[in-house]
Amino acid sequence: MRVAVLGAGVIGTTTAYFLARDGHEVTVVDRQTLPASETSYANAGLVAPGHAFAWASPAAPGILAKSLFKADQALRLKPTADPRMWIWMALFLRECTAGRARVNTQRKLRLCRYAVDMLHEVVADTGVEYDAVHGGNLYLHRTQAAFDAGVEHMGILADQGLEIRVLDRDQVAALEPALKPVRHLFAGGVHSPTDESGDARMFTRNLAEHCRERQGVEFRMETRVLALDADGDRVRRVVTDRGDLETESVVLALGCDSPFLARGLGIRLPVYPVKGYSVTLPVDGRNAAPVLGGVDEANLVAWARMGDRLRITSTAEFSGYGRDHRPEDFRAMLAAAKELFPEAADYGAGEYWAGLRPMTPGTTPILGRARFRNLFLNTGHGHIGWTMSCGSAKVTADLVAGRPADISLEGLLHGQAR
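Anyway, here's the lowdown on the structure attached to this text. (Residues numbered from 1 in each chain as written. Predicted model: local features only at pLDDT ≥ 70, side-chain atom pairs only at ≥ 80, totals over all residues. Heavy atoms only, no water.)

Before going further, it helps to spend a moment on the environment of Gly9. If you trace the backbone, Gly9 turns up in the loop between strand E1 (2-6) and helix H1 (10-21). For the pair Gly9 and Ser40, spaced 31 residues apart in sequence, the C-alpha separation works out to 5.8 Å. Those residues within four positions of Gly9 in sequence are excluded, and the remaining contacts are Asp30, Ala36, Ser40 and Thr204. (Helix = DSSP H or I, 4+ residues; strand = E, 2+ residues; numbered from the N terminus. Contact = heavy atoms within 4.5 Å.)

As a further point, take the packing of aromatic side chains. Evaluation of the coordinates by the stated rule reveals 14 aromatic pairs. Summarising the aromatic geometry, the rings of Tyr41 and Trp353 are spaced 6.4 Å apart at their centres and angled 35° between planes, so their arrangement reads as tilted. Of the two residues, Tyr41 is situated in the loop between strand E2 (25-29) and strand E3 (46-47) and Trp353 in strand E18 (residues 351-359); the sequence distance between them amounts to 312 residues. Look at Trp353 and you get buried, because its relative accessible area is 13%. (Phe/Tyr/Trp six-rings, centres within 6.5 Å; stacked < 30°, edge-to-face > 60°. Buried < 20%, exposed > 50% of the residue type's maximum accessible area, 1.4 Å probe, protein only.)

What follows is about helix H7 (residues 200-215). Taken residue by residue, H7 has Ala200, Arg201, Phe203, Thr204, Leu207, Ala208, His210 and Cys211 as its buried positions. Residues of H7 that are buried in the fold lie against H1, helix H4 (98-126), strand E9 (218-220), strand E17 (309-318), E18 and helix H10 (385-401). Where H7 begins, the capping side chain belongs to Asp199, and its oxygen is found 2.9 Å from the backbone nitrogen of Arg201. One or two residues past the end of H7 sits Gly216, with phi positive at roughly 75°. (Polar contact = N/O pair within 3.5 Å; in protein donor to acceptor, adjacent residues only side chain to side chain.)

In this section: the sheet that holds E2. Read across the open sheet, the 6 strands follow the order E9-E2-E1-E13-E20-E19; overall the sheet is mixed. At either end of the open sheet lies a strand with only one pairing partner, and these are E9 and strand E19 (366-369). Mean inter-strand twist for the sheet, computed between neighbouring axes without regard to direction, equals 20°. Of the pairings in the sheet, the one linking E2 to E9 comprises 3 bridges and is parallel in character. Bridge pairing links Thr27 to Glu218 in E9. This element, H10, spans strand E13 (249-252), E19 and strand E20 (375-379) of the sheet and lies at about 175° to E20. (Pairing = 2+ DSSP bridges. Axes fitted to C-alpha atoms, helices over the stretch in contact; angles between N-to-C directions.)

Let us look at the pattern of salt bridges. A full pass over the atoms with the stated rule returns 29 salt bridges. Arg84 serves as the salt-bridge partner of Asp82, at 3.0 Å between the closest nitrogen and oxygen. Each of the salt bridges in this network shares a partner with another, and the network as a whole consists of Arg76, Lys78, Glu317, Arg326, Glu328 and Asp329. (Salt bridge = Lys/Arg side-chain N within 4 Å of Asp/Glu carboxyl O.)

A few words on the sheet that holds strand E12 (residues 243-246). With antiparallel pairing, the 3 strands of this open sheet are ordered in space as E10-E11-E12. The open sheet has two free edges, formed respectively by strand E10 (225-231) and E12, since each of these has just one partner strand. Strand-to-strand twist across the sheet, computed as the mean angle between neighbouring axes with direction ignored, equals 25°. Two elements, strand E11 (residues 234-240) and E12, share 4 bridges in a ladder whose sense is antiparallel. Its bridge partner lying in E12, Thr240 is registered against Gly243.

And the structure:
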């Protein structure tokens, strides 16, 4: 079957891999010159079922309100005149109850755990390199009250079968020696040993090369998708600025741009961008850089080691579609990183980046068939798309083939009550 995958980020490229593995003739279409040039370009790098919590939570409304007056909040709102922002925010606030947060977290974790297994399967099959670090991620808390609450919160994940280890500050330092000089800053941490980290951009580009060379996948880069042309109950062609692409099935994996294309077919997708910031620093022979990835929960600053680089990420900013950034946007996250790892990297030689996470109100992705028999969705993965990518890609390939998925898709399919 001829299948068009729209989007060459980590979601679209992994989907192309699994579709081609099934024997389909796959064409990937993307407006950028290279795969993984937008959301997947410089994300946090954590493959983190241990951080699968829904962002829509009882605490979120208060933090967002506070951000209107304090610019250093990790979760912040910058209002715009875009009516789509306010419609989406209203839906988001509806999800900010304890009950909804628990349900959405459980749904995310189900897909995340499966996705890690599928990532290992892809790597075993292809040998693709991506500066992977195994051994788990650390989630650190600075006060005893926050530590106790964090451990209790982790119970949502542990109840679903995720292995977690509760560590005091000395055990944290023993597991990650780079934190030994600053262990007094923390009451303790939670170690999720099945978590890992790696460079999503490197993974995506190397996997795309495998797809081209070994599976015959065609990548049509620098090509803008303008519309989908439907006839009856099927999408017949993809209209681009470089001509039409005839197809038998379409997978929509355009992240934050998915709603614009879907709207032309009368499909409403509640996906809106949430901006994140990252700095990538050279470690260049320094011996105080961390090995394991992790999160300083008090500041919501994450880190991940990627070979001779250290990735620092922070902030969830509701501010529209702009990808611009200023030095002050990175000030708080860099201060937190320097406090944790003062000798870890060359802080004067960072590569600064801002990207858009395609977020749904419940922060769960949207998968499955949409209105037409041959149009499939794989979008809305939010802050944890790298973690979910291989799982949602395999699910999508199963649905295209008419096979039942390996996991329950309750609450993840388009059109279901969410």
